[in-house]
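Structure at a glance
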Amino acid sequence: MKILVIGSGGREHALAWKMSKSQTVSKIYCAPGNAGTAQIAQNVEIQAENIPALLEFALKEKIDLTVVGPEGPLAKGIVDEFQKQGQKIFGPTKAAAMIESSKIYAKELMKKTGVPTAGYRIISNIDEAIEFAQNHEKTVVKADGLAAGKGVFVCSTKQEMLAAANMFLQEKIFGETSGKIIIEEFLEGEEASVLAFCDGDTAKLMVPSQDHKRAFDGDNGPNTGGMGAYAPTPIVPEKMQKEIEREIFLPVLLELKKRQTPFTGVLYAGLMISKEKPFVLEFNARFGDPETQAILPLLETDLVKIMLSCTNKTLAGQKIEWNKKTAACVVIASGGYPQNFEKGKTISGLNEAGKIDGAIVFHAGTKKENGKIVSNGGRVLGVTAIAGTVFESVQKAYNAVEKISFEKMQYRKDIGWRAISKTTIEKEKIRTLINHRRNRLSPHEIREKKQGHPRKTL
């Protein structure tokens, strides 16, 4: 089989890496890909949202299966266009992908199906926001449309809520995608991500994971696309997984089918586990990033076969097996991310990191330039490691991270801390380990110190 993977991030590298292990696959293309995908596939210089060029390429090369990574092309209807030409493609149609491309649509869908979620109000102008602020303190403000994972503000005061609403409605920081907003009640608890393979009728859950959205340690700083993840997470036990399938995924699939917009692909539920009950914060219509980099290394069943069972509507008969170990992914970002950051920084230590047993280095914002691999985005790398426990996989991932260096690189030092801190025996271990990481100079910082430059801290 010939496979086309659309996208250029760490998620797409992980997808290509996993599919390359399938005995059914003879060739993988990535459009546009990155320096990591180039090592296992052929990169194609077509941007992920250039649907006509992608379709032309798929037809010309007789691609057997196209896999869509990012949300942009899905929201623009890439699946519809490929299917019109008889092309097999893994992902939801434009109508089904509205569950991610419009938070208002998703909220109203949840309300109709009885899916547990936070109370909310749809706001279309700043006067409505001011009125709402009179009776609410801690809230969550969200853009209606796509915002690359950055369209959410958790607000502790009325002033913060109004500032966020103003950025969306008046300043239009995300353009017309924030023409309307949702203001939700704030739910206390822990976040988790549960993804499921879907064929329109059946949902088969993947191992649950926990992302780390904030930029800095201790869940501080601005929201990002995700600074690390681990799987499986203990906050979603097996009994709750069955509840999530029964009360969240299946009602949504049934309703979408009734609307003649059946969902095929990966449906992602971003959850808040509050008082041991799951509430949906958001739905995504594709694999998560960086959750994919922690989940796929644990998948033991052929990913290509699973995807084909989804597109062929035979998922119910597809057995899916998972490794019983734990995987952790630490994202290395460019200094300044998610705000202003510089590109073109030479990356060293990639080979050394990859030699650590159980470690895998997934590329995200990278490219090859003059024979060297350089940074080419906000999130640059995702370093994943597999081990027996969360603590061991996290420790192994950081051992690999410490081999890597580029100017102004930044990463969180506490990935997995919530899960580890729940185990009394591990509490002191993680405290000691995090302090060690915070005090330890990276190779780049050592060079700066020798040159007399002050050390930069997060």
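Residues numbered from 1 in each chain as written. Predicted model: local features only at pLDDT ≥ 70, side-chain atom pairs only at ≥ 80, totals over all residues. Heavy atoms only, no water.

**Overview of the overall build of the protein chain**
Secondary structure assignment for the protein chain yields 16 helices and 22 strands. The C-alpha atoms of the protein chain give 21 Å as radius of gyration, which agrees with the globular expectation for 458 residues (23 Å, within 12%). Dimensions along the principal axes, computed over C-alpha positions, put the protein chain at roughly 65 × 60 × 45 Å. Buried positions account for 58% of the 458 residues belonging to the protein chain. Put simply, of all contacts in the protein chain between residues at least 6 apart along the chain, 68% involve residues at least 24 apart. Element-wise, carbon and sulfur atoms account for 48% of the exposed surface of the protein chain, whose accessible area totals about 19,400 Å². When the 64 positive and 53 negative side-chain charges of the protein chain are each reduced to one mean point, those points stand 4 Å apart. (Helix = DSSP H or I, 4+ residues; strand = E, 2+ residues; numbered from the N terminus. Rg over C-alpha atoms; globule rule 2.2 N^0.38 Å. Buried < 20%, exposed > 50% of the residue type's maximum accessible area, 1.4 Å probe, protein only. Contact = heavy atoms within 4.5 Å. Areas by Shrake-Rupley, 256 points an atom, 1.4 Å probe, with all protein chains shown as cover. Lys, Arg positive; Asp, Glu negative; His and termini not counted. Charge placed at Lys NZ, Arg CZ, Asp CG, Glu CD.)

**So, the pattern of salt bridges**
A complete count under the given rule lists 24 salt bridges for this structure. Notably, a salt bridge pairs Arg11 with Glu12, separated by 2.7 Å at the nearest N-O pair. In terms of burial, Arg11 and Glu12 fall into one category: buried. Counted as one network, the salt bridges with shared partners bring together Asp219, Arg412, Asp414 and Arg418. (Salt bridge = Lys/Arg side-chain N within 4 Å of Asp/Glu carboxyl O.)

**Notes on the sheet that holds strand S9 (residues 181-185)**
The strand order across the open sheet built from four strands is S6-S9-S7-S8, with neighbouring strands paired in antiparallel fashion. Looking at the sheet topology across the chains shown, the edges are occupied by strand S6 (120-123) and strand S8 (152-155). Across the sheet, the axes of successive neighbouring strands diverge by a mean angle of 20 degrees, strand direction being ignored. Alignment of strand S7 (residues 139-143) against S9, held across five bridges, turns out to be antiparallel. Residue pairing across strands places Thr139 opposite Glu185, the latter belonging to S9. Seen against the sheet, helix H6 (residues 103-113) touches S6, S7 and S9 and runs at an angle of roughly 145 degrees to S6. (Pairing = 2+ DSSP bridges. Axes fitted to C-alpha atoms, helices over the stretch in contact; angles between N-to-C directions.)

**What about empty space enclosed by the protein?**
Following the criterion strictly, the structure yields three cavities of 30 Å³ or more and no others. In this structure, the largest cavity encloses a volume near 70 Å³. Every residue lining the largest cavity is listed: Ile99, Glu100, Lys103, Ala106, Lys107, Met110, Lys142, Ile182, Glu184, Leu281, Glu282 and Phe283. Elements supplying a minimum of two residues to the lining of the largest cavity: helix H5 (98-101), H6, S9 and strand S17 (277-284). (1 Å grid on protein atoms, 1.4 Å probe; cavity = no way out; pocket = protein on both sides within 12 Å on 5 of 7 lines; lining within 4 Å. Points joined across faces, edges and corners; volume = space filled by probe spheres on them.)

**Comments concerning the packing of aromatic side chains**
By the definition in use, this model includes six aromatic pairs. On the numbers, 6.2 Å between centres and 75 degrees between planes, the contact of Phe197 with Phe287 is edge-to-face. Pair noted here: Phe197 is in strand S10 (residues 190-199) and Phe287 is in the loop between S17 and helix H10 (291-295), with a separation of 90 residues, a long-range link. The same class applies to Phe197 as to Phe287, namely buried. When the ring centre of Phe186 is taken as reference, the NZ or CZ atom of Lys138 above it lies at 4.2 Å. For Lys413, the ring lying beneath its charged end belongs to Tyr411, and the centroid distance is 4.5 Å. (Phe/Tyr/Trp six-rings, centres within 6.5 Å; stacked < 30°, edge-to-face > 60°. Lys NZ or Arg CZ within 6 Å of the ring centre and 35° of its normal.)

**Structural notes on the sheet that holds strand S12 (residues 210-211)**
The five strands are arranged S12-S15-S18-S22-S19 in an open sheet whose pairing can be described as antiparallel. The sheet terminates laterally at S12 and strand S19 (359-363), the two strands that pair on one side only. Judged from the four bridges that link them, strand S15 (residues 228-231) and strand S18 (residues 326-333) form a sheet pairing that is antiparallel. Directly across from Ala231, in S18, lies its bridge partner Ala327.

**With respect to the side chain of Glu184**
Position of Glu184 among the secondary structure elements: in strand S9. Glu184 sits in the buried class, given a relative accessible area of 2%. Side chain to side chain, Glu184 and Lys142 meet in a polar contact 3.2 Å long. Once you skip the residues sitting within four places of it in the chain, Glu184 turns out to touch Lys107, Ala118, Gly119, Tyr120, Thr139, Val140, Lys142 and Leu281. (Polar contact = N/O pair within 3.5 Å; in protein donor to acceptor, adjacent residues only side chain to side chain.)

**So, the pairing of strand S2 (residues 27-32)**
Within S2, five of the six residues are buried, which leaves the element mostly enclosed by the surrounding structure. Here six bridges tie strand S1 (residues 2-7) to S2, and the two strands are oriented parallel to one another. Across the sheet, the residue bridging to Leu4 is Tyr29, located in S2. Handedness of the crossover joining S1 and S2 through helix H1 (residues 10-19): right-handed. (Right-handed = clockwise from strand over helix to strand, strands pointing away.)

**Here we look at helix H2 (residues 51-60)**
Within an α-helix, residues lying three or four positions from one another point in the same direction, as the helix has 3.6 residues per turn. For H2, every residue scored as buried is listed here: Ile51, Leu54, Leu55, Phe57 and Ala58. Relative to the axis of H2, the buried residues are bounded by an arc of 160 degrees and lie together on one face. Residues Pro52, Glu56 and Lys60 are exposed on H2 and point more than 90 degrees away from its buried face. Its buried side turned inward, H2 meets S1, S2, strand S4 (65-68), helix H3 (71-75) and helix H4 (78-84). (Arc of directions from axis to C-beta.)

**Thoughts on the confidence of the model for the protein chain**
Predicted confidence across the protein chain gives a mean pLDDT of 92, with 91% of residues reaching 70 or more. Here residues 453-458 scores under 50 on pLDDT; set against residues more than four positions off or in separate chains, the count is 14 contacts. (pLDDT = per-residue confidence, 0-100.)

**Side note on the packing of H1 against helix H11 (residues 303-311)**
Orientation of H1 relative to H11, taken along the N-to-C sense of each, is 105 degrees, at an axis distance of 8 Å. With respect to their mutual orientation, H1 and H11 come out roughly perpendicular. Residues Leu15, Lys18 and Met19 of H1 pack against Leu303, Val304 and Met307 of H11. In terms of residue class, the contact of H1 with H11 is made up of five nonpolar, no polar and one charged. (Parallel < 35°, antiparallel > 145°, perpendicular 65-115°, else oblique. Nonpolar A, V, L, I, M, F, W, Y, C, P; charged D, E, K, R; others polar.)

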